[in-house]
2 protein chains.
Amino acid sequence: VDKVKRFPGLVRRTIWKVGKDDPRKVVHSLKVGLALTLISLLYLTDPLYKGIGKNAVVAVMTVVVVMEFTVGGTLCKGLNRGLGTLSAGLLAFFIEYLADAPGHIFRAVFIGTAVFLLGAAATYVRFIPYIKKNYDYGVMIFLLTFNLIIVSSYRVDNVLSMAKDRVCTICIGVALCLVMSLFVFPNWSGEDLHKSTISKLDGIANSIEVTVVEYFNDCEKQANEDDSSEDPIYKCYEAILDSKAKDETLAMQANWEPRYSRSCHRIPWQQYATVGASLRHFSYTVVALHGCLQSEIQTPRSIRNLYKDSCIKLAQEVSKVLRVMANSIRNKQQFPLERLSDNLSEALQDLDNALNSHPQLLLGSRNGRSQIPITPKTPKTPNLYMLDEDTRITLSSIKSDYSSPDGNKSKEHSREQTKEGHGHKKVLRPLLSNTMTMSMITSLEFSEALPFAAFTSLLVEMVAKLGHVMEKVEELNKMCHFREIRDDDDDE
Amino acid sequence: VDKVKRFPGLVRRTIWKVGKDDPRKVVHSLKVGLALTLISLLYLTDPLYKGIGKNAVVAVMTVVVVMEFTVGGTLCKGLNRGLGTLSAGLLAFFIEYLADAPGHIFRAVFIGTAVFLLGAAATYVRFIPYIKKNYDYGVMIFLLTFNLIIVSSYRVDNVLSMAKDRVCTICIGVALCLVMSLFVFPNWSGEDLHKSTISKLDGIANSIEVTVVEYFNDCEKQANEDDSSEDPIYKCYEAILDSKAKDETLAMQANWEPRYSRSCHRIPWQQYATVGASLRHFSYTVVALHGCLQSEIQTPRSIRNLYKDSCIKLAQEVSKVLRVMANSIRNKQQFPLERLSDNLSEALQDLDNALNSHPQLLLGSRNGRSQIPITPKTPKTPNLYMLDEDTRITLSSIKSDYSSPDGNKSKEHSREQTKEGHGHKKVLRPLLSNTMTMSMITSLEFSEALPFAAFTSLLVEMVAKLGHVMEKVEELNKMCHFREIRDDDDDE
C-alpha cells in the first residue's frame, strides 16, 4: 500500500529529472510537437489538402518516425527513408513491368515470388555489419515500400501516381524534419561527442588524482565501503568503461552532419571514437589501480608515506597531461607534447629514485619502522636526498624510457646516476653490513610489500598507456588541423 | 583501379561470412521472406481481400517492421505495436468526441492543439530511461496511430471503421510474426544470453591461463608484438569488455519470452546480466595482468621461474573455478563452492609460501643468480621446501583470507607457520649474516622486481574479484533452482 502511495511521487520525480538533467530534451519534445502540428496543416487546411490529398497522413507518419534528437540522427533516418523509398519504388516498377502479362494467377505468383526473394535478401543484407551500422533503416524502408507498391499494383491501376504521391509526401515530411532539426535549436551529435570526449578526459584525470591521494591518506575508510558501485571514484570512470556503444553511435551520426572545421576540413569524428577506445583501455589500468584501494592486504602507512610525494607527483603529472589534452581539444589547440613528456619522465625518474633510495624500507616493515626517521622528501630535486646516509642505496640501471619520446635524455640521466651509484656503493657497503641490515632482512614481510609494489607498478604502467592515449589525441589534433600554440608560457 | 576490381570479391566474402558465422541468420531471412509472402496473400487472393480490403497493406507493413531475429525481440515489438495502436485509437476517439462541436475552424484548432500536446508529451516520455528501455517502440506507434486517426477524422466520416480495420490488420500481422518466430526455427534471446555467459566464462578462463603461461615462457616474443589489438589473448576478453549493451538488450528481450525452467519458475535473466557485469569487472584485472606481458621492464626470467609453479597453479585454479561455473550454468547444476574455495586458498597459500621462502631471490637479481641453485618446487607440499637452509626464511603473518569463506582455516594454517618461522629465524640469523646477505642487498634492483610483484599482486587481486563473480553465479544458480550435484566425484 505504501508503495502505491509513493508511486505518483516517484513518477513525478523521474519525469522531472529527465528534463532537469538535460533541458535540450524538453526543447526537443516541443520541437516534435510543433513539427507534427505543422505537418497536420497539410491535412487540416483546405488549399494544401487539395494539392496533396489523402497521402498527407504519410507525411505525418514520416515526421513521427524520422524526427530524432540530434541533427545527425534525423539526417541519417531522413535520407535513409528517402533513398529507401525511392529505390524501392523504382525496383517495384521494374518488376511490375516484367509481370505485365495476362493472367491473374501468373501475376499473383510472380508478385509472391518477388516478395519472398526481396524480403529474404533485404533481411539478410541487414545482417551485414556495415549496412547494419549505416543503412539499417533505409533497407527496412526499402522493403516496406517495395512490398506496398508491388502488392498494391495487383489491384490498383494508377500505382504510378500513388507511388509518386508517397515519395512526394515523404519528401515533404523529411524536409520539415530537417528544417526543424537544423535551424530550430539544433543538437549536434558531433558536439556531444566532442564534449563527452573532453569530459571523459577530465573525469579520468580527477579519478586518478583522488585514487592516489586516497591511497595515501585514508587507510581506515576503505574497510567500510565495500560496494564498489557506491564509490565516487568509481562513478568517474564508470561512464568511460561502458562508452563504446554511445561513442560509436555518436560518431556514426556525426558523420552524417554537414559541419566543417574553420579551415573547411571534414572533422574526423571517427578519430574521436578511436581516442575514446584508447581512453577506455587506459581506464582499465585506472580500475586496477582503484582496486588497490580495496585490496584486503595493505602495506603499512608509514612505509607508503615514504613514497607518497613521488607517487602523488606522478599521478598529478598524469592527471595534468589528461587535463592539458582535454583543454587542447576544448580550445582546438595543439598541446605541448614535448614539455609534457619531459615532466612525465621527470616524475617517473623521481619515483624510481625514491624507490631505489630506500628499497629496504619497503621490505623492512616491523623492526625498521621505529629506527628509520621518516623525512619528507623534496620532489623537485631528485638527486638530493634528505635521508641518513645509512638508509640510502643508490642503484643502477633505472629504466624509464616507457613510451616517452625523450627516452634518450632520461637514459643519459640514469647513466650519470649509475656511475654515481657505483661510487656510493663501495662506500656504503661496510656501513650497511654493520648497522641495520639484519633487522631489515629478517623482518621482511613480502606479502605486505606486495600491494604497494603493485600500486607503483600500475602507476608506471599507466604512464605507458597514457603514451598511447597521447598518440591518438595528437593524431586527432593533426587531423582537425588545430592551431599550434603561439606562446609556450601562457599555457601553464 | 585495383581497389575497384577487388571490390566485388570483398562484397562476396562479406556476404558469405555473415551466413557462415551464424547460419540462423540465413534461416531468419528465409522466414521473413515466407512471412511476407503469406501476408501478401491477404491482398492477392480474392476471398481474403474481400474480407479485409485495402488495409491489407498495413498488415504487410506490420510484418516488415515487427519481425525481429529473436522471439523476445518480435514479442517486444509486436506487443508494443499492438498496445500502442489500441491505446492511441481509444484516446483519439475520446478526443474526437470532445471536439465534436460545430465549426470547422474550432475543430481544426482543437485537433492541432491535441497533436502538439500529445506529440510533445509522447516524445518527452520516450526520454525516460525505463520507458526508453521497454516501451520506446510502443510510444512511437501510439503517437503515429493517434495522429493518423485524429487527423483523418477531420475529413473522413467513418473513422471508427477505419481504426477498427487498422487494429485488425495489425493484429493479423503481429500474429503471423509471432507464429513464425515462435514455431518456425525459433531463436531465443534467453538462449543466446545463456550461451554467451557460458562462452564468456570459458573465454576468460582460457585467456588467464594463456597469459600466465606466456608470462613465464616467452620473454623474447613480447618485444615483437606491440599492438595489443592483434593479440590472441586480447581477442578472448575483448568480447567481454564491451558486452554491456548486448547483454542488456538480450536480457530485456529475454524478459518478454514465455520460457520457464523445469520447475515452472521464471528464469532470472536480469541475474545473467548481473553476472555479466561482475565478469566485466573481473576482466579489468585480467587486462591489467595481460598488460604485465607487454610492459617494457621485465623481471629476469631466472627469478620469475622460481615462482612459476605457484603462479601457474594459482592461475589454473582460477581458470578451473571459471570453467566449473561455466559447466554449472551449462548443465544447470550447482557448483561445489566449498571445494573450489579450498583449492583456491590452497593455491594462494602456496604462492604466499613461495614468495616468503625466497624473498631475497626476488630482489637479488645479478650477483645472486649464480650462487643460488634454482630447484623445482613441489607445489602440493607447501611446507616442505627443497631449498638450502641458507636461502630459506620462513615468515610470519600470511594473510590469505581474501573473500574465500574459509578464511579461518588458512589463518590457523598461517599461525602455525608463524611459530615455526620465528623458531627458524633465530637459528638462521647468524648463518645469513655471514654468507650471502651482502651480495643480495647490494645487487638489489628494485625496478626490475617491481613488475613481477605487480604481476603477483594482480593474480591475488584476481582471486578477490573472482569471489565476487562466484557470489553472483551462486545467486544465479539459486534463483534458477539448479539441481544440486549428487555425486561429488564425477565432477572433477
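Cut-offs applied
- Residues numbered from 1 in each chain as written.
- Chains lettered and ligands numbered in written order.
- Predicted model: local features only at pLDDT ≥ 70, side-chain atom pairs only at ≥ 80, totals over all residues.
- Heavy atoms only, no water.
- Helix = DSSP H or I, 4+ residues; strand = E, 2+ residues; numbered from the N terminus.
- Contact = heavy atoms within 4.5 Å.
- Areas by Shrake-Rupley, 256 points an atom, 1.4 Å probe, with all protein chains shown as cover.
- Phe/Tyr/Trp six-rings, centres within 6.5 Å; stacked < 30°, edge-to-face > 60°.
- Buried < 20%, exposed > 50% of the residue type's maximum accessible area, 1.4 Å probe, protein only.
- Lys NZ or Arg CZ within 6 Å of the ring centre and 35° of its normal.
- Salt bridge = Lys/Arg side-chain N within 4 Å of Asp/Glu carboxyl O.
- Axes fitted to C-alpha atoms, helices over the stretch in contact; angles between N-to-C directions.
- Parallel < 35°, antiparallel > 145°, perpendicular 65-115°, else oblique.
- Left-handed = near helix turned anticlockwise from the far one by under 90°.
- Nonpolar A, V, L, I, M, F, W, Y, C, P; charged D, E, K, R; others polar.
- Core = buried A, V, L, I, M, F, W, Y, C linked by side-chain atoms within 4.5 Å.
- Disulfide = S-S within 2.5 Å.
- Expected span 1.5 Å × (residues − 1).
- pLDDT = per-residue confidence, 0-100.

### Things to note about the overall build of chain A
Across its full length, chain A carries 20 helices and zero strands. In chain A, of all internal contacts separated by at least 6 residues, the share reaching a separation of at least 24 is 83%. In the structure as shown, chain A presents an accessible area of about 21,700 Å², 60% of it carried by carbon and sulfur atoms.

### Observations regarding the environment of Val174 of chain B
Positionally, Val174 of chain B belongs in helix H9 (residues 159-183). Those residues in contact with Val174 of chain B that lie beyond four places of it in its chain are Thr62 and Gly78 of chain B.

### Notes on the packing of aromatic side chains
Taken as a whole and judged by the stated rule, the model has 13 aromatic pairs over all chains. Seen from their ring centres, Phe127 of chain A and Phe69 of chain B are 5.5 Å apart, and the 75 degrees between their planes marks the pair as edge-to-face. Of this pair, Phe127 of chain A sits in the loop between helix H6 (104-125) and helix H7 (129-134) while Phe69 of chain B sits in the loop between helix H4 (56-66) and helix H5 (71-98), placing the two residues on different chains. The pair formed by Phe127 of chain A and Phe69 of chain B is uniform in burial state, with each residue classed as buried. Look at Phe106 of chain B and Phe110 of chain B: their rings are 6.0 Å apart centre to centre, the planes differ by 35 degrees, and that puts the pair in the tilted class. In this pair, Phe106 of chain B and Phe110 of chain B are both assigned in helix H6 (residues 104-125), four residues apart and thus about one turn of the helix distant. Given a relative accessible area of 43%, Phe106 of chain B falls into the partly exposed group. Counting every residue linked through ring pairs, the aromatic cluster contains Tyr130, Tyr135 and Trp256 of chain A. One cation-aromatic arrangement involves Lys77 of chain A over Tyr137 of chain A; the distance from NZ or CZ to the ring centre is 4.8 Å.

### Considering the pattern of salt bridges
Residues and elements named next belong to chain B. Using the criterion set out here, one finds 22 salt bridges over all chains in the structure. Lys478 serves as the salt-bridge partner of Glu474, at 3.9 Å between the closest nitrogen and oxygen. Taken as a pair, Glu474 and Lys478 lie in helix H20 (residues 446-479) at a separation of four residues, close to a single helical turn. What makes Glu474 partly exposed here is its relative accessible area of 25%. Judged by relative accessible area, Lys478 falls into the exposed class, the value being 52%.

### Here we look at the packing of helix H8 (residues 136-152) of chain A against helix H9 (residues 159-183) of chain A
Residue and element names in this part refer to chain A. Orientation of H8 relative to H9, taken along the N-to-C sense of each, is 155 degrees, at an axis distance of 10 Å. Regarding the angle of H8 to H9, the classification is roughly antiparallel. The handedness of the crossing between H8 and H9 is right-handed. Two secondary-structure elements touch here, H8 through Thr145, Leu148, Ile149 and Ser152 and H9 through Val159, Met162, Ala163 and Arg166. Grouping the constituent residues of the contact of H8 with H9 by class yields five nonpolar, two polar and one charged.

### Structural notes on the packing of helix H2 (residues 23-44) of chain A against H6 of chain B
Angle between the axes and distance between the axes are the two parameters that describe a pair of packed helices. One way to put it is that H2 of chain A packs onto H6 of chain B with a least axis distance of 7 Å and a crossing angle of 145 degrees. Relative to H6 of chain B, H2 of chain A is oriented so that their crossing is right-handed. Seen from H2 of chain A, the contacting residues are Lys25, Val26, His28, Ser29, Leu30, Val32, Gly33, Leu34, Leu36, Thr37, Ser40 and Leu44 of chain A; seen from H6 of chain B, they are Ala108, Ile111, Gly112, Val115, Phe116, Gly119, Ala120, Thr123 and Tyr124 of chain B. Taken together, the residues of the contact of H2 of chain A with H6 of chain B break down into twelve nonpolar, eight polar and one charged.

### Some details on the nonpolar core
Counting residues in each nonpolar core, the largest one holds 132 residues, and the members touching the most others are Phe282, Leu322 and Met325 of chain A together with Phe282, Leu322 and Met325 of chain B. Once you skip the residues sitting within four places of it in the chain, Leu322 of chain B turns out to touch Leu201, Ile204, Ala205, Ile208, Leu279, Phe282 and Leu466 of chain B. Judged by nonpolar contacts, the second largest core, of 103 residues, contains Tyr124, Ile131 and Tyr154 of chain A together with Tyr137 of chain B.

### Looking at unusual backbone geometry
The backbone phi angle of Phe185 of chain A is positive, close to 40 degrees, even though this residue is not glycine. Of the residues examined, Phe185 of chain A reaches a relative accessible area of 58% and is grouped as exposed.

### Topic: the state of the cysteines
Residue and element names in this part refer to chain A. What the rule picks out here adds up to zero disulfides over all chains. Unpaired in this structure, Cys177 has its nearest cysteine sulfur neighbour in Cys171, at a distance of 12 Å. Given the relative accessible area of 0%, Cys177 is considered buried.

### As for the environment of Met252 of chain A
Residues and elements named next belong to chain A. Structurally, Met252 is set in helix H12 (residues 244-256). Overall, the relative accessible area of 13% leaves Met252 in the buried class. Along the backbone, Met252 and His281 are 29 residues apart, and their C-alpha atoms lie at a distance of 21 Å. When neighbours within four sequence positions are excluded, Met252 is seen to be in contact with Cys76, Lys133 and Asn134.

### Quick notes on the side chain of Ser207 of chain B
As for its placement among the helices and strands, Ser207 of chain B is situated in helix H10 (residues 189-217). Ignoring sequence-local partners within four residues, the contact set of Ser207 of chain B consists of Ile233, Cys236, Tyr237 and Val286 of chain B.

### What about H12 of chain A?
Relative to the 18 Å expected for 13 residues at 1.5 Å per residue, H12 of chain A spans 19 Å between its end C-alpha atoms, a close match to the ideal helical length. Every buried residue of H12 of chain A is listed here: Asp247, Leu250, Ala251, Met252, Gln253 and Ala254 of chain A.

### Describing the confidence of the model for chain A
Residues and elements named next belong to chain A. Mean pLDDT over chain A: 72, with 72% of residues reaching 70 or higher. Helix H19 (residues 437-442) is the least confidently modelled element of chain A, averaging 29 in pLDDT, while H8 averages 89, the highest of any element. Ignoring residues within four places in sequence, the model shows residues 222-229, a span with pLDDT below 50, making nine contacts including any to other chains. Here residues 360-445 is modelled with pLDDT under 50, and outside its nearest four sequence neighbours on either side it reaches 151 contacts, counting other chains as well.

### Examining the side chain of Thr169 of chain A
Within the element layout of this structure, Thr169 of chain A appears in helix H9. What Thr169 of chain A contacts, discounting residues up to four positions off in sequence, is Ile52, Asn55, Ala56, Val58 and Ala59 of chain A.

### Topic: the environment of Ser319 of chain A
All names here are of chain A. Tracing the backbone through its elements, the reader meets Ser319 in helix H14 (residues 301-330). Note on Ser319: relative accessible area 0%, which makes it buried. For the pair Ser319 and Leu344, spaced 25 residues apart in sequence, the C-alpha separation works out to 10 Å. Ignoring sequence-local partners within four residues, the contact set of Ser319 consists of Ala205, Ile208 and Glu209.

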